[in-house]
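So the chains spell out like this:
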Amino acid sequence: MVAALGSSVLDRPVLVIGAGVAGACCALRLRHHGMDVHLAEKAAFPRAKVCGCCIGGAGLRLLDQLSLRTWVQSHGAETVRWSASIGGQRIELALPEGVAISRETLDSKLLHSAGEAGAELFTPAFARVDQLHSELHSGSVTASLEVEGIGIQRCEYSAVVIASGLNAAGSQRLLPWREKPNGPFGAAFFAKSDSLPGGTIHMACDDDGYVGLV
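Computed from a predicted model, the values in this text were never measured in an experiment.

Student: Give a detailed account of the environment of Val-160, specifying residues and quantitative values.
Tutor: Examined against the element boundaries, Val-160 turns out to sit in strand S13 (residues 159-162). Residue Val-160 is classed as buried on the basis of its relative accessible area, which comes to 0%. Remark: the alpha-carbon pair of Val-160 and Val-16, spanning 144 residues in sequence, is separated by 5.8 Å.

So, in structure tokens, the structure goes:
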């Protein structure tokens, strides 16, 4: 989060950049607390996205707070086991609770729910924080929104929540701990096969990254 350090109250809207699971859930929670929220997303939903489709117990409990747990479980598939190959060793664990759901379905529902809750949606739109860290003492954060078909508008916010992913443009400057060429790498895919048990999250990991199959 980029916050206006000189402001004791959130007297301006909060900007959330990225309407994936983290961003949309953040926007929903902020709206539940009565805050004005602008939610900006560069992609047009529904979008194709294969990673991050599995939700564990902690995620389900969060969705419960958002009144979305029942909906997600009814539109996904229960996961009961996690199986992984790590360094040539096989590990299997039972999952007490979990669900796998396509990101196209989940992200679209969360974005729609945020809009229904009163968040102002900007999509497709590119968002950029205009100030550097040393300039965040004026009581507000200035950001630019480039909305498709409308143009660029600059707004002042009480805080900006960056939920645009580790590989998003500009994240190297905003997240200085991320070093290249190291960092997260993942690939996931869906397949129907009689040789694999249902309800299992399969993962293969090595020094170069991981591949997951649900």
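Student: Requested: an account of the sheet that holds strand S8 (residues 98-100), with residues and values cited.
Tutor: Taken together, the three strands give an open sheet; going across it, the order is S4-S8-S5, and neighbouring strands pair in antiparallel fashion. Strands with a single pairing partner mark the edges of an open sheet, and in this sheet they are strand S4 (54-56) and strand S5 (77-78). Alignment of S4 against S8, held across three bridges, turns out to be antiparallel. The residue of S8 that forms the bridge with Gly-56 is Gly-98. Each of S4 and S8 touches helix H2 (residues 57-65); the most contacted strand, S4, lies at about 85° to it.

Student: Before we move on, could you go through a nonpolar patch on the surface and cite the residues and values that matter?
Tutor: Residues Ile-86, Ile-91 and Leu-93 make up a contiguous nonpolar surface patch of about 230 Å² in total accessible area. Counting through the fold element by element, Ile-86 comes out in strand S6 (residues 81-86). A relative accessible area of 37% places Ile-86 in the partly exposed class.

Student: For the pattern of salt bridges, give the residues involved together with the corresponding values.
Tutor: For the coordinates displayed, the defined rule picks out ten salt bridges. Glu-97 is the partner of Arg-69 in a salt bridge, and the nearest nitrogen-oxygen pair spans 2.8 Å. Here Glu-97 lies in the loop between strand S7 (89-94) and S8 and Arg-69 lies in helix H3 (residues 69-75), a separation of 28 residues in the sequence. Note on Glu-97: relative accessible area 24%, which makes it partly exposed. Residues Glu-92 and Arg-90 are paired through a salt bridge, measuring 3.9 Å at the closest nitrogen-oxygen approach. Here Arg-90 falls in the exposed class, since its relative accessible area comes to 57%.

Definitions and limits used
Residues numbered from 1 in each chain as written. Predicted model: local features only at pLDDT ≥ 70, side-chain atom pairs only at ≥ 80, totals over all residues. Heavy atoms only, no water. Helix = DSSP H or I, 4+ residues; strand = E, 2+ residues; numbered from the N terminus. Buried < 20%, exposed > 50% of the residue type's maximum accessible area, 1.4 Å probe, protein only. Pairing = 2+ DSSP bridges. Contact = heavy atoms within 4.5 Å. Axes fitted to C-alpha atoms, helices over the stretch in contact; angles between N-to-C directions. Patch = residues over 30% accessible without salt bridge, like charges linked within 9 Å, V, L, I, M, F, W, Y side chains within 5 Å. Areas by Shrake-Rupley, 256 points an atom, 1.4 Å probe, with all protein chains shown as cover. Salt bridge = Lys/Arg side-chain N within 4 Å of Asp/Glu carboxyl O.

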